[in-house]
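# Summary of the model geometry
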Amino acid sequence: MGGVEDDEPASKRMKLASGELRGLSNGSSLAETTVESSRDLMARPLQSEGDEEVVGSKGVIKRVEFVRIIAKALYSLGYKKSSAHLEEESGIPLQSSAVNLFMQQILDGSWDESVATLHDIGLKDEDIVKSASFLILEQKFFELLDGERIMDALKTLRTEIAPLCVNNGRIRELSSCIVSPSLCASVGSSNQDNAKMKSRSKLLEELQKLLPPTVIIPERRLEYLVEQALTLQRDACIFHNSMDKEMSLYTDHHCGRDQIPSRTLQILEAHSDEVWFLQFSHNGKYLASSSSDQSAIIWEVDTNGVSLKHRLCGHQKHVSSVSWSPDDHQLLTCGMEEAIRRWDVSSGECLHVYDKAGLGLISCGWFPNGKWILSGINDKSICMWDLNGKELECWKGQRTMKISDLEITSDGKQILSMCRETAILLHDREAKIERVIEEDQTITSFSLSRDDRFLLVNLLNQEIHLWNIEGGIKLVAKYKGHKRARFVIRSCFGGLEQAFIASGSEDSQVYIWHRGSRELIEALPGHSGAVNCVSWNPKNPHILASASDDHTIRIWGLNSLQMKHKGAHSHGNGIHYCNGRT
């Protein structure tokens, strides 16, 4: 079989020294091609046009197309002799002799001849012929300018390019190169021979994209088809939660439930009252939790499990939420209608307290630059501070509710908050535009996806709605099954590529849905009180945490996962307990 040292096909070749011949993709040389009769220059119908023989059990794969795509793939992989043998043995050429000649003429800079051959290829769409001719003659124009043949370049522009009536704006740009040659570099010309040859290869790539795939098969077509098949298999697998590199071409892809975190690996018991909120850090190395015991805790996450790092005390009221800084070096904690505290994650030291005289703060969040923080106020406004506590801006009016989440997009442009019981406000700071998501039911909480494209909204009627907020606002999915009657229940995106939705529930279970199919795939028992909040580790799709009114946090992992836990004890059932005294 052929090796990588063989000559490349025409589509990949650069021009050689004058007089040197090169092999074309069908195994013939340029010299052999040029002595063929004029009839051979016309695009001889490839076998696919009349041969409907098919392969495969479904009868949908045309044999000729299949062989040509394989031949193209072999050339791309460097197996030139193998591809040539395939063409010869099958009697199916990768490309017609006219196409091979056309490609060689482009690389040789035979512009007039290539335009003539283009008409002989047999293209039915005249617009494609004109667009391809325009690209070819444009390259001719630039090379004439590079050779300082100004009048010839002007003639080409006037008598060959302009009559095509294609892209008048580009024609004006080319005209400017005649008047001011210094503009040629920015428009697309170069004076270096090596760059000229690269430019011809680039032109050939552009022409390949423009011409129909039946004439020139697109580059890496086989790889694209295989990747598409694997992607469809992956997307159809509701349990897919492992890295794509683990997928194989040898077997159809199918994941089992063992890819979903459904086993309690650890129970964290350091809080003395209901645990209301928890959130993994962006790097997945820490977990922060907040409780009605007026404290927050920073937990450290490693291969040995989850252990207590710092207990954060100082709030005078229940701690309702936390927020990690973009670099995970600092943490905000928000007391319920009280103050916000900023903590150093490494030392556990309180760095600053943010408050507003006579008012209570109800939510907190970081700007992506890590230099400003946001908070909802119980007078329904939203304020922004620098790290030293200087108030930078305040948005008055119906901006937030008494119990409210607050989200900021990763570019810092949009602030999301509840403006009414049934509405979420999307405020664009730069464009000064406000959009609103309207629900029929009372909203209890919401969460923004990592890519800023989707918003997950928890409702009073025991539904979770998924909204697409990119461009126009559109409701795309509903998730049902969990229980909510009295409390604020929070949900989250999670898993590999955030392909799952997880939610707490008042029936003491954690619910997991497949995001795309909306199918409920797990209801995890274990807690003895309402599950208020869940958080999926953003760096490890196999780790999930849940916070409950039973004063505990549960760490969920795979059934097959074994973890070593320092400073923890086991009750003999494989579940490890951590009471914080480590």
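A brief report on the enclosed structure follows. (Residues numbered from 1 in each chain as written. Predicted model: local features only at pLDDT ≥ 70, side-chain atom pairs only at ≥ 80, totals over all residues. Heavy atoms only, no water.)

### A few points about the overall build of the protein chain
Looking only at helices and strands, one finds 12 helices and 32 strands in the protein chain. Per-residue burial for the protein chain yields a buried fraction of 52% across its 582 residues. Sequence separation of 24 or more characterises 48% of the internal contacts of the protein chain that already satisfy a separation of 6 or more. Surface summary for the protein chain: the accessible area is close to 27400 Å², and the carbon and sulfur share equals 49%. (Helix = DSSP H or I, 4+ residues; strand = E, 2+ residues; numbered from the N terminus. Buried < 20%, exposed > 50% of the residue type's maximum accessible area, 1.4 Å probe, protein only. Contact = heavy atoms within 4.5 Å. Areas by Shrake-Rupley, 256 points an atom, 1.4 Å probe, with all protein chains shown as cover.)

### A short note on the packing of helix α6 (residues 111–120) against helix α7 (residues 126–146)
Close contact between α6 and α7 brings their axes to 10 Å; oriented N to C, the two are set at 175°. Here α7 runs roughly antiparallel to α6, going by the angle between their axes. Between α6 and α7, the contacting residues are Trp111, Asp112, Ser114, Val115, Leu118 and His119 on the first element and Val129, Ala132, Ser133, Ile136, Leu137, Gln139, Lys140 and Glu143 on the second. When its residues are assigned to classes, the contact of α6 with α7 shows seven nonpolar, four polar and three charged. (Axes fitted to C-alpha atoms, helices over the stretch in contact; angles between N-to-C directions. Parallel < 35°, antiparallel > 145°, perpendicular 65-115°, else oblique. Nonpolar A, V, L, I, M, F, W, Y, C, P; charged D, E, K, R; others polar.)

### Observations regarding the pattern of salt bridges
Where charged atoms from two side chains of opposite charge approach closely, those side chains can pair. Applying the stated criterion across every chain, the model contains 17 salt bridges. Measuring nitrogen to oxygen at the nearest pair gives 3.0 Å for the salt bridge that ties Arg149 to Asp152. Residue classification places Arg149 among the partly exposed positions, given a relative accessible area of 47%. Notably, a salt bridge pairs Glu438 with Arg420, separated by 2.4 Å at the nearest N-O pair. Residue Glu438 is located in strand β19 (residues 433–438), and its partner Arg420 is located in strand β17 (residues 414–420); the two are separated by 18 residues in the primary sequence. The class for Glu438 is partly exposed, based on a relative accessible area of 44%. Linked by salt bridges that have partners in common, Asp112, Lys140 and Glu160 make up one network. (Salt bridge = Lys/Arg side-chain N within 4 Å of Asp/Glu carboxyl O.)

### Details of the sheet that holds strand β22 (residues 463–468)
Judged by pairing direction, the sheet is antiparallel, and its four strands sit side by side in the order β20-β21-β22-β23 without closing on themselves. Strands at the two margins of the open sheet, each flanked by one partner only, are β20 (443–448) and β23 (474–480). For this sheet, the mean inter-axis angle between neighbouring strands, taken without regard to orientation, is 20°. Alignment of β20 against strand β21 (residues 454–459), held across five bridges, turns out to be antiparallel. Across the sheet, the residue bridging to Ile443 is Leu459, located in β21. (Pairing = 2+ DSSP bridges.)

### Here we look at the pairing of β19
Here strand β18 (residues 423–428) pairs with β19 via six bridges, running antiparallel. Within β19, the position partnered with Ile424 by the bridge is Ile437. Here β18 folds back onto β19, and the loop between the two strands holds four residues, one of which, Lys432, carries a positive phi near 55°.

### Thoughts on the packing of helix α5 (residues 97–108) against α6
Interhelical geometry of α5 versus α6 gives an angle of 155° and a closest axis separation of 9 Å. In terms of orientation, α5 lies roughly antiparallel with respect to α6. Classified by chirality, the crossing of α6 by α5 is left-handed. Between α5, through Ala98, Leu101, Phe102, Gln105 and Ile106, and α6, the contact on the second element is made entirely by Trp111, Glu113, Ser114, Thr117 and Leu118. Grouping the constituent residues of the contact of α5 with α6 by class yields six nonpolar, three polar and one charged. (Left-handed = near helix turned anticlockwise from the far one by under 90°.)

### Brief notes about the sheet that holds β18
Sheets are built from strands that pair by backbone hydrogen bonding, the pairs being arranged parallel or antiparallel. The sheet built from four strands is open, its strands ordered β16-β17-β18-β19 with antiparallel pairing. A single partner strand is all that each edge strand has here, and the edge strands are β16 (406–408) and β19. Neighbour-to-neighbour, the strand axes of the sheet open up by a mean angle of 25°, direction not taken into account. Note: β17 against β18, six bridges, orientation antiparallel. Within the sheet, the bridge partner assigned to Ser417 lies in β18 and is Leu425.

### Observations concerning α7
Since one α-helical turn is 3.6 residues long, residues separated by three or four positions face the same way. The first and last C-alpha atoms of α7 sit 30 Å apart over 21 residues, in line with the 30 Å expected at 1.5 Å per residue. Counting buried positions over the 21 residues of α7 gives 17, a clear majority of the element. For α7, the N-terminal cap is Asp125; the gap from its side-chain oxygen to the backbone nitrogen of Asp127 is 2.9 Å. Taken from the residues just after α7, Glu148 is the one with a positive phi, measuring 60°. (Expected span 1.5 Å × (residues − 1). Polar contact = N/O pair within 3.5 Å; in protein donor to acceptor, adjacent residues only side chain to side chain.)

### Quick word on the packing of aromatic side chains
Within this structure, the stated rule accounts for seven aromatic pairs. The interplanar angle of 45° and the centroid separation of 6.1 Å between the aromatic rings of Tyr354 and Trp385 together place this pair among those described as tilted. Taken together, the positions of Tyr354 in strand β11 (residues 350–354) and Trp385 in strand β14 (residues 382–386) put the pair 31 residues apart, joining distant regions of the chain. Residue classification places Tyr354 among the buried residues on the basis of a relative accessible area of 1%. Residue Trp385 is classed as buried on the basis of its relative accessible area of 3%. The rings of Tyr479, Tyr511 and Trp513 are connected pair by pair, giving a single aromatic cluster. (Phe/Tyr/Trp six-rings, centres within 6.5 Å; stacked < 30°, edge-to-face > 60°.)

### Details of helix α4 (residues 80–90)
Among the residues making up α4, those that are buried are Lys80, Ser82, Ser83, Glu87 and Ser90. The buried residues of α4 occupy an angular sector of 170° when the element is viewed end-on, so they sit on one face. Among the exposed residues of α4, those pointing more than 90 degrees away from its buried face are Glu88 and Glu89. Phi turns positive, to about 75°, at Gly91, one or two residues after α4. (Arc of directions from axis to C-beta.)

### Remarks on the side chain of Thr552
Relative to the helices and strands, Thr552 is located in the loop between β29 (544–548) and β30 (553–557). In terms of polar contacts, Thr552 uses its side chain to reach the side chain of His527, at 3.5 Å. A distance of 2.6 Å separates polar atoms of two side chains, one belonging to Thr552 and the other to Asp550. Ignoring sequence-local partners within four residues, the contact set of Thr552 consists of Ile267, Leu268, Glu269, Val275, His527, Ser546 and Ala547.

### Considering unusual backbone geometry
One non-glycine residue, Asp328, lies in the positive phi region at around 65°. Topologically, Asp328 is positioned in the loop between β8 (319–324) and β9 (330–335). Judged by its relative accessible area of 5%, Asp328 is buried. At Gln462, a position not held by glycine, the phi torsion is positive, near 65°. Of note, Gln462 is situated in the loop between β21 and β22. Overall, Gln462 belongs to the partly exposed group, its relative accessible area being 31%.

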